[in-house]
Amino acid sequence: MWYGIAGLHIYEQYALFGVVAIAIVGLLYTLFLWNQVKAHPTGDENMMRVWNAIREGANAYLNKQLKTIVPMIVVLTVCLFLSVYIVPVTAEAMERFKGYEPGTIKLIIAFGRAGAFILGSVFSLLVGQIGMRIAVAANVRVTAASKRSFGEALKIAYRSGTCTGMLTDGLGLLGGTLIFIIFGIAAPDALLGFGFGGTLIALFMRVGGGIYTKAADVGADLVGKVENDIPEDDPRNPAVVADLVGDNVGDCAGMAADIFESYEVTIVSGLILGLALWHFTGHYEWIVYPLLVRGIGVFCSIIGTYAVSDNKGRGDAMKAIFRGYLTSAVISIALFAALGYFYLKDVPGGWWRPFAAVSIGVLLAMAIDRITEHFTGTTGAPVLEVKKSTDTGVATTILSGFAVGLESSVWSILIIALSIFSSVLIFGSIDGLNAVEKVNFILYGVAMTGIGMLTLTGNNVAMDSFGPIADNANGVGEMAWHGKTDAETKKARQIMADLDGVGNTTKAITKGVAIGSAVIAAVSLFGSYMVDVSNVQTALNAAWAEQGLDQALTLLKDIGIVVSNPAVFVGMLIGAAVPWLFSSFAINAVRRAASLIVLEVRKQFKTGILEGKAQPNYGNVVSISTIAAQKELITLALLGIVSPVLVGLALGVEALGGFLAGIIVSGQLLAVFMSNAGGAWDNAKKLVEDEPSDPAANTGKGSERHKASVVGDTVGDPLKDTAGPALNPMIKVVNMVAVIVAPIIVTYNNEYTSLSAIGWCVVIALLAILGWVINKSKKPISD
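The rules behind these values
- Residues numbered from 1 in each chain as written.
- Predicted model: local features only at pLDDT ≥ 70, side-chain atom pairs only at ≥ 80, totals over all residues.
- Heavy atoms only, no water.
- Helix = DSSP H or I, 4+ residues; strand = E, 2+ residues; numbered from the N terminus.
- Rg over C-alpha atoms; globule rule 2.2 N^0.38 Å.
- Buried < 20%, exposed > 50% of the residue type's maximum accessible area, 1.4 Å probe, protein only.
- Areas by Shrake-Rupley, 256 points an atom, 1.4 Å probe, with all protein chains shown as cover.
- Lys, Arg positive; Asp, Glu negative; His and termini not counted.
- Charge placed at Lys NZ, Arg CZ, Asp CG, Glu CD.
- Contact = heavy atoms within 4.5 Å.
- 1 Å grid on protein atoms, 1.4 Å probe; cavity = no way out; pocket = protein on both sides within 12 Å on 5 of 7 lines; lining within 4 Å.
- Points joined across faces, edges and corners; volume = space filled by probe spheres on them.
- Nonpolar A, V, L, I, M, F, W, Y, C, P; charged D, E, K, R; others polar.

Caption draft 1: Geometry of the overall build of the chain. Secondary structure assignment for the chain yields 21 helices and 0 strands. Over its C-alpha atoms the chain spans a radius of gyration of 26 Å, differing by no more than 12% from the 28 Å that the globule rule assigns to 783 residues. Taken over 783 residues, the chain has a buried fraction of 65%. Only carbon and sulfur atoms are counted for the fraction: they give 66% of the accessible area of the chain, which is about 26,200 Å². Averaged over its 54 positive side-chain charges, the chain has a centre that lies 5 Å from the centre of its 60 negative ones.

The structure is reproduced here in structure tokens:
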């Protein structure tokens, strides 16, 4: 049979095809919203001129990026295809394709994994590229709407973001469900390729977009605001177009692909761990439930869209956006309960346990939302404290933002730890389970928390895209209305500034959710890693028994990853160090590019641009940002791909498990710190800029306080928009690679088989690649 779900009840099969239909409805809803957005006017000739410059720069960057990453995708596709041939066929694959020869089964799985990798890569690219183009087309319409009303500008910005959100929802759900329908219980073999493809593209887009946007932003602010006292997005600044382009390629394309891969990876881990429960309970419900939950999420995100409006003209965008999210959350939890009650009533432990885990995921996303808003929102005490610190100069401004980031990371990780521990309480109390079964149930609960956390991905991506759309709309207005001081323009500028300030907070919130989901997904993948290794160990034991060999591997799931094992501890230390090295490379890339942009802008200012004697050359700065971003794409991706393979081959699967634990904890703390510190500095700057401008009183634009806040913002820019967010896909790339290579490692490096000479040659080659990565990342951009 061409599909692999024949063992399911007929109503379960219909339900899965219903999930596919819901995914398609989500995609059609994207088209419906986009037609609504396009119906709004685009504004006057000046606005269209600025918009065209942004659109051309963004398209040129993404086309260049695509040419850079395609060769690596081709190489990895071949590697994934061949990886299937050097490990034993899994029992699930033998069962799914019963009647076929082992060689034929391997061929099917190889094509499935490689094809799924291409599918995940293509879907991730589509989400990023189409999402960015939607945002670019929307920003000029938001600018035009700001002259009519706050409510209309808010609606266009949010619904444009929802287009990208529903595209993310629809493609992620469609791909994961179709792969399960075709491969059935053998789906994990293909799903690993699907998740890896989406995660790798997200890393590319996050790193490249982050370097591009922050190099331009830092360069524009330092020379424009600090050195020459000109406003943000002043058309005389040669870096302003590159800055606006960067908002789209970084925050729109990068973040959309980022959340898409989180969506994929939580499905992958949920299905792998659900399959583990199926093995010793016989219930397919553990596998099907996550997909049905995600289908409900698409439906609820659509409903939540219509709750976002300027209620009674109050002009509070943050309340309107959170009201939409809360509406979706409440409806989804109610439907999860109904689904669990009617569908999971026969599973061990009762229907309420999976429902509780998924609901905790929704509540976790909301809790991170509130914590992030507290630490980065313009009305929160931390940002007000950072603003106050500008009274005493740059140093105190930096110190206060630094402290905000450190504290916020603690509260975020405590919330995540509590949610993970809740799975221990929920699933650890099921009667009749042995120790191994209990661990599998608990890890499944963690995976369900991840499923729940990103169930409302449509809302999350809408909130994130709202930020750069509002930022770009503000920039378009500043450039197109330069010199205008009439009442209508002043009112429109204030609307844009208000939306932009809220957008900074929504971007910080969704980064927090994305980072939190990365930790949950990584912990789930950690469980999948142990299951995968144990399955290969079981297959090896069976093969040795058939050969009459008196040897058997101790299953990893029986002994766990023990920290007292020196190899595990060494792996943990190395894993904890990787996010710091990765962040160093990313921040240095921004610093090098920003330095070149500063020199370029200074050179152009000397020609008399500020006095009106010459016109700025935007293209030079766009070119510098593009070249800088492309330079680091492959090197930073290789760091995430090579490091787990190197540790696993050299130190073994247990050490690789420790490596994964180290990178999860260290990466989460560092990512939240950088994201929230940068967000606090950014909004503190906006609060200073909103004050009446009076240099004598040291308030508003042009004051010393303003210059201190701008420096704080420029320090935070590469933290919150480059290194911090890029750690999210990097953590998952490492985990996906570990799960994929684990069967190879345990086959050729175990307690009975030492790594061969060929294996050590591979280790040496990987060390050489790592050395090249480090050396390449330190070279000037011109090299």
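Caption draft 2: Examining the environment of Gly 716 more closely. Within the element layout of this structure, Gly 716 appears in helix H20 (residues 704–748). If sequence neighbours within four positions are ignored, Gly 716 has contacts with Gly 678 and Trp 681.

Caption draft 3: Summary view of the environment of Gly 467. Topologically, Gly 467 is positioned in helix H14 (residues 457–480). Distance from Gly 467 to Lys 507, taken between C-alpha atoms, is 5.7 Å for residues 40 residues apart in sequence. If sequence neighbours within four positions are ignored, Gly 467 has contacts with Gly 503, Thr 506 and Lys 507.

Caption draft 4: Highlighting empty space enclosed by the protein. What the rule picks out here adds up to 6 cavities of 30 Å³ or more. In this structure, the largest cavity spans a volume of roughly 180 Å³. The wall of the largest cavity is formed by 16 residues, among which Val 87, Pro 88, Thr 90, Arg 113 and Asp 189 lie closest to the centre. Secondary-structure elements contributing two or more residues to the lining of the largest cavity are helix H4 (102–146), helix H15 (487–546) and H20. Ranked by residues supplied to the lining of the largest cavity, first place goes to H4 with 4 residues. Around the second largest cavity, the lining is made up of 18 residues, and of these Lys 214, Asp 217, Glu 232, Asp 471 and Asp 682 lie nearest the centre. Contributing elements (two or more residues each) for the lining of the second largest cavity: helix H6 (187–228), helix H7 (240–281), H15, helix H19 (653–690) and H20. Here the element with the most residues in the lining of the second largest cavity is H20; it accounts for 4 residues. In terms of residue class, the lining of the second largest cavity is made up of 1 nonpolar, 1 polar and 16 charged.

Treat this as a map of the structure, not an account of what it does.
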